[in-house]
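Analysis of the macromolecular model
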Amino acid sequence: MKILTIESTCDETAAAVVNENLEVLGAVVASQEKIHEKYGGVVPEIASRAHLERILPVIAEALGRAGIGLQDLDAISVANTPGLAGSLLIGLCAAKALCLAAGKPLIAVNHLQAHLFACRLAYQEDPFPCIGLIVSGGHSNLYRCSGPIDFTPLGTTIDDAAGEAFDKVAAMLGLPYPGGPSIQRAAEKGNPKAHAFPRPMLNDPDRMQFSFSGLKTAVRYKIAGTGKVDYANVHLSEKEMADIAASFQEAVVDCLVGKAVQAMKKYSMKRLCIGGGVAANARFREKMNEAADRYHFKVYIAPLKLCTDNAVMGAIAVERFKAGLFESLDLDISAGLVRDPQ
Ligand code: KG4
Ligand code: ZN
């Protein structure tokens, strides 16, 4: 069995070919990072136009790397939820057109389930059932996952997503987009205890929710005071910048790790799967692994290139193929809301 997987939910245009053993026969990711960098974040309209230019060459390249043509495929899958509406539409339209042209069945992929499935791909064992934690630019979500395509939302963020907080704080510090890697680099030389930033929601173990906007405001006050903000007139030394970055990163990591541990305890689970771009953060990985040792659960975190958006994690389509879950060609996108996990 060979499935073409297509991913265009946000600002990466990606395609891969996978088989029933979850082996990757060919994979391509075309990043739009450089395009959006100057805006300090993803501009949805620009993202969808860039997807439109790249989607067919990216698919052709993935098929080429796999050494196959459209006719050799058993199905075509696409992430149709959640994401930016315009971006999702480009991937979905490409998938439908190819299905129609080649007479192949269509499979829908939930992008958040795919992020968790990256853990299944990265380890030689089945991590389900588990608690799933998605930490990306658009989501900070907790799930109870009884299987790869079967998950129940437990909670989400009440304001910003973790990655969004990284991106916004990086912008305040004048660091380049995407903010997560920039903050991580700046934090390497800083003292994580220099500033006691708040850790919202941690004192309420029964509430499976995150909140990062108060933390973000605390950082803003530290950088520019409580009055009207004029970042052009803020001049931080390298040491001040590093200390703020390290203290902020530590606070976000404590919130994510702390809430995940609370979920593990509340639902008496033994395995935790983590996906999404923020899971690439080195300090987060370190503290999450320490927590797993301390509280005796197993943590699965995908390797870096499977954490950020890619089409390889779309191999979850193999599970849907096996379960006979195919879609008609009037399948639509569902952009979804940050506060409203699918
Ligand atoms: O999963 P992803 O690639 O795209 C979304 O679906 O959102 O996540 C992107 C987010 C961005 O906010 C980026 O700043 C963050 O992941 N990120 C990181 C790191 N690498 C990427 N955040 C913290 N530390 C990192 N090393
Ligand atoms: Zn993602």
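Refer to the structure presented above.
Residues numbered from 1 in each chain as written. Chains lettered and ligands numbered in written order. Predicted model: local features only at pLDDT ≥ 70, side-chain atom pairs only at ≥ 80, totals over all residues. Heavy atoms only, no water.

1. Overview of the site of ligand 1
This is how it is decided: Whether a residue is near a molecule or strand is decided by its heavy atoms; if any one of them lies within 4 Å of it, the residue is near. Contacts described as polar in this section are N or O atom pairs within 3.5 Å, which, within protein, must combine one atom able to donate a hydrogen with one able to accept it, while residues neighboring in sequence count only if both atoms come from side chains. Runs of H or I in DSSP of at least four residues are treated as helices and runs of E of at least two as strands, each being numbered from the N terminus. Residue polarity is assigned by list, with Asp, Glu, Lys and Arg as charged and Ala, Val, Leu, Ile, Met, Phe, Trp, Tyr, Cys and Pro as nonpolar; anything else, Gly included, falls into the polar class.
Neighbouring residues of ligand 1: 21 residues in total, closest G137, D167, G180, Q184 and G277. One of the backbone nitrogen or oxygen atoms of G138 is found 3.5 Å away from an oxygen atom of ligand 1. Between D309 and ligand 1, the recorded distance is 3.2 Å, taken from a backbone N or O atom to an oxygen atom. In terms of residue count, the dominant contributor to the shell around ligand 1 is helix α6 (residues 179–187) (4 residues). In the shell around ligand 1, the residues fall into 6 nonpolar, 13 polar and 2 charged.

2. With respect to the coordination of the zinc ion (ligand 2)
Filter applied, for reference: Counted as donors are the N, O and S atoms within 2.8 Å of the metal, or 3.2 Å for Na, K and Ca, while water is not among the atoms, so some sites may look incomplete. Irregular is the default label, applied whenever a site is not tetrahedral (four donors, all angles between 85 and 135 degrees) and neither square planar nor octahedral (four or six donors, opposite donors over 155 degrees apart, all other angles between 65 and 115). Only protein chains enter the accessibility calculation, which uses a 1.4 Å probe; a residue whose area is less than 20% of its type maximum is buried, one above 50% is exposed, and one in between is partly exposed.
For the zinc ion (ligand 2), the protein coordination sphere consists of H111 (NE2), H115 (NE2) and D309 (OD), at 2.0 to 2.2 Å. The site at the zinc ion (ligand 2) holds 4 donor atoms, and with the angles between them running 93 to 146 degrees, its shape is irregular. Spacing between the donor residues of the zinc ion (ligand 2) along the chain follows H-x3-H-x193-D. Linking H115 in helix α4 (residues 111–122) with D309 in the loop between α10 (304–307) and α11 (316–322), this pair joins segments that are 194 residues apart in sequence. Pair check on accessibility: H115 and D309 agree, each one buried.

3. A closer look at the nonpolar core
Put simply, the rule is: Grouping buried Ala, Val, Leu, Ile, Met, Phe, Trp, Tyr and Cys residues that are joined through side-chain atoms within 4.5 Å yields what is termed a nonpolar core. Note on definitions: a residue-residue contact is assigned when non-hydrogen atoms from the two residues lie within 4.5 Å.
F248, L272, I274, F284 and M288 are the most contacted members of the largest nonpolar core, which totals 84 residues. The contacts of F248, once residues within four sequence positions are left out, are A165, F166, V169, I183, F197, L215 and V219. Residues A15, L73, I90 and C99 belong to the second largest nonpolar core, which totals 27 residues.

4. So, helix α9 (residues 282–295)
Let me state the cut-off plainly: Helices are assigned an expected span. That span is 1.5 Å times one less than the residue count.
For α9, which comprises 14 residues, the first-to-last C-alpha distance of 20 Å matches the rise-based estimate of 20 Å (1.5 Å per residue) to within 8%. For α9, the full list of buried residues reads F284, R285, K287, M288, A291 and A292. Of the surrounding elements, those touching the buried residues of α9 are β6 (130–135), α8 (238–266), β9 (271–275), β10 (298–301) and α10. Its side-chain oxygen placed 3.1 Å from the backbone nitrogen of R283, N281 serves as the N-cap of α9. Among the residues trailing α9, H296 stands out with phi positive, at a value near 60 degrees.

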